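These are the residues of each chain, in order.
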Amino acid sequence: MKTKAAVVSEKSGKFDVTEVELAELREDEVLVRVVGVGVCHTDMIGRDQLYPVRFPAVFGHEGSGVVEKVGARVTKLQPGDHVVMSYRACGHCPACRNGDPTHCANIFGCNFAGVRIDGSPTVHQHGIPIFANFFNQSSFAAYALASEANTVKVPKDVPLELLGPLGCGIQTGAGAVINALRPPAGSRIAIFGCGAVGLSAVMAAVAVGCTTIVAVEPNAERRKVALELGATHALDPRQVDVVEEAQKLGGMDFSLECTGIPAVFRQAVESLVVPGVCGLVGAPPLGTEVTFDMNSIMFGRTVMGIIEGQAVPDNFIPKLIDLYRSGRLPLEKIVKFYRLDEINQAMSDSESGRVVKAVLRP
């Protein structure tokens, strides 16, 4: 079928909303009419080719929408269901078989190959296959093909256009706290970088009962939002020594690095008490290296890499919706809506910090 999609044709290029053709629905797939799709740093990584992609390309991996059609073998969904699309795992490797899809041995290929797992394309332009199937959805479009495996049914009494970012950015930040770091009530945590991922981590830290929540962010407006969401302290790293300030507060039991900047990662580790745990969710270009004083780790600090908030989407996204319903995940405070044909403005506003989470509505 034909649908409109935001197509980018070169590295760091502009998106052009144009017509593409979706492949035929397969037995394990679902066709989703996209209602909202978040703009994420990972889309920019693809656009800028910091991860290997080819052009033309259709990105978008935080889609929410309504199921239009389902394949013959799909059992958990039916037409009319409201859904959130998330990441894809292979389902066959040892990690997947153990119920841990974020550590899937094939996760990179499942989400960044630009084709289905079997190598077949899902999107054509002018009859030619293009890079798509991004996170098994490519939801910068009016319609997206996903699989039953990476599509989560959600209730119809919550605003569907808000829910797309639960599939990646919100899941990543909140899950890093709730699922991976698991800080006990009364603990201290510092969150480095307060975009959508970092602010989701702030909200999660409040929800689990952290009593010292330090937001480290150079953007003044984002520091303000972090305080509104429950951070107890907000530090401008351009104005203060954040490691020194964190240690003045007694040192952090936990820290979360959300920027992908090596120097910030080191600060996040050095802000910890001994022992303490630093989670890494920031996504740098492939090949990025970081250095530490080995003694800063040897005495008991731990560094933990975290993918997608260590979340099983079918289980975790409903929990996030419960937090939203209870007022502890106020997504409306970080979201700004744009039309799909305003995608270039949405990207620009996201990169400049003028908006925390841009959501496109086709």
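Data block above holds the structure.
Below is a summary of the structure that appears in this document. This structure is a prediction, so every number in the text was calculated from the model and none was measured. (Residues numbered from 1 in each chain as written. Predicted model: local features only at pLDDT ≥ 70, side-chain atom pairs only at ≥ 80, totals over all residues. Heavy atoms only, no water.)

So, the packing of aromatic side chains
This is how the line gets drawn: For this analysis, a ring pair means two rings from Phe, Tyr or Trp (six-membered ring only for Trp) whose centres lie within 6.5 Å, classed as stacked if their planes differ by under 30 degrees, edge-to-face if by over 60, and tilted for the remaining angles. For the purposes of this entry, the term helix denotes a DSSP run of H or I that reaches at least four residues, the term strand denotes a run of E that reaches at least two, and both are numbered from the N terminus. For the exposure calls, accessible area comes from a 1.4 Å probe over protein chains only, and a residue counts as buried if that area is under 20% of its type's maximum, exposed if over 50%, partly exposed in between. In this scheme, the term charge over a ring applies when either NZ of a lysine or CZ of an arginine sits within 6 Å of the ring centre and within 35 degrees of the ring normal.
If you walk through the whole model with that rule in mind, you get 11 aromatic pairs. Ring geometry for Phe-112 against Phe-134: centres 5.5 Å apart, planes inclined by 85 degrees, an arrangement best described as edge-to-face. Of this pair, Phe-112 sits in helix α3 (residues 107-112) while Phe-134 sits in the loop between β7 (128-129) and β8 (143-147), and the two are 22 residues apart along the sequence. Pair check on accessibility: Phe-112 and Phe-134 agree, each one buried. Ring centres of Phe-112 and Phe-135 lie 5.2 Å apart, and the angle between their planes is 70 degrees; on these two criteria the pair is classed as edge-to-face. Within this pair, whereas Phe-112 is found in helix α3, its partner Phe-135 is found in the loop between β7 and β8, the two being separated by 23 residues in sequence. An identical accessibility class is assigned to Phe-112 and Phe-135; each is buried. A connected cluster of aromatic rings, assembled from ring pairs, spans Tyr-51, Phe-59, Phe-108, Phe-112, Phe-131, Phe-134 and Phe-135. Of note, Arg-361 hangs over the ring of Phe-337, and the distance from its end group to the ring centre comes to 4.0 Å.

Here we look at empty space enclosed by the protein
Convention followed: A cavity here means a set of points on a 1 Å grid, drawn over the protein atoms and nothing else, where a 1.4 Å probe fits but cannot get out; a pocket is an open set with protein on both sides within 12 Å along at least five of seven lines, and a residue lines either one if it has an atom within 4 Å of a point. Grid points are joined across faces, edges and corners, and a volume is the space filled by probe spheres set on the points. Each residue is assigned to one class: nonpolar for Ala, Val, Leu, Ile, Met, Phe, Trp, Tyr, Cys and Pro, charged for Asp, Glu, Lys and Arg, and polar for all the others, Gly among them.
Per the counting criterion, the structure on display carries one cavity of 30 Å³ or more. By volume, the largest cavity amounts to about 30 Å³. Surrounding the largest cavity, Thr-3, Ala-5, Val-20, Leu-22, Val-58, Val-123, Ser-138, Ala-141 and Tyr-143 form its lining. Across the lining of the largest cavity, the residue classes tally to seven nonpolar, two polar and no charged.

What about the layout of surface pockets?
Approximately 1,200 Å³ is the volume found for the largest pocket. Contributing to the lining of the largest pocket are 47 residues, with His-41, Cys-258, Val-281, Gly-282 and Ala-283 lying nearest its centre. Counting residues per element, the ones that place at least two in the lining of the largest pocket are α1 (41-47), α3, α5 (169-181), α6 (196-208), α9 (262-270) and α12 (343-352). Looking at the lining of the largest pocket residue by residue, the classes come out as 28 nonpolar, 13 polar and six charged. The calculated volume of the second largest pocket comes to roughly 260 Å³.

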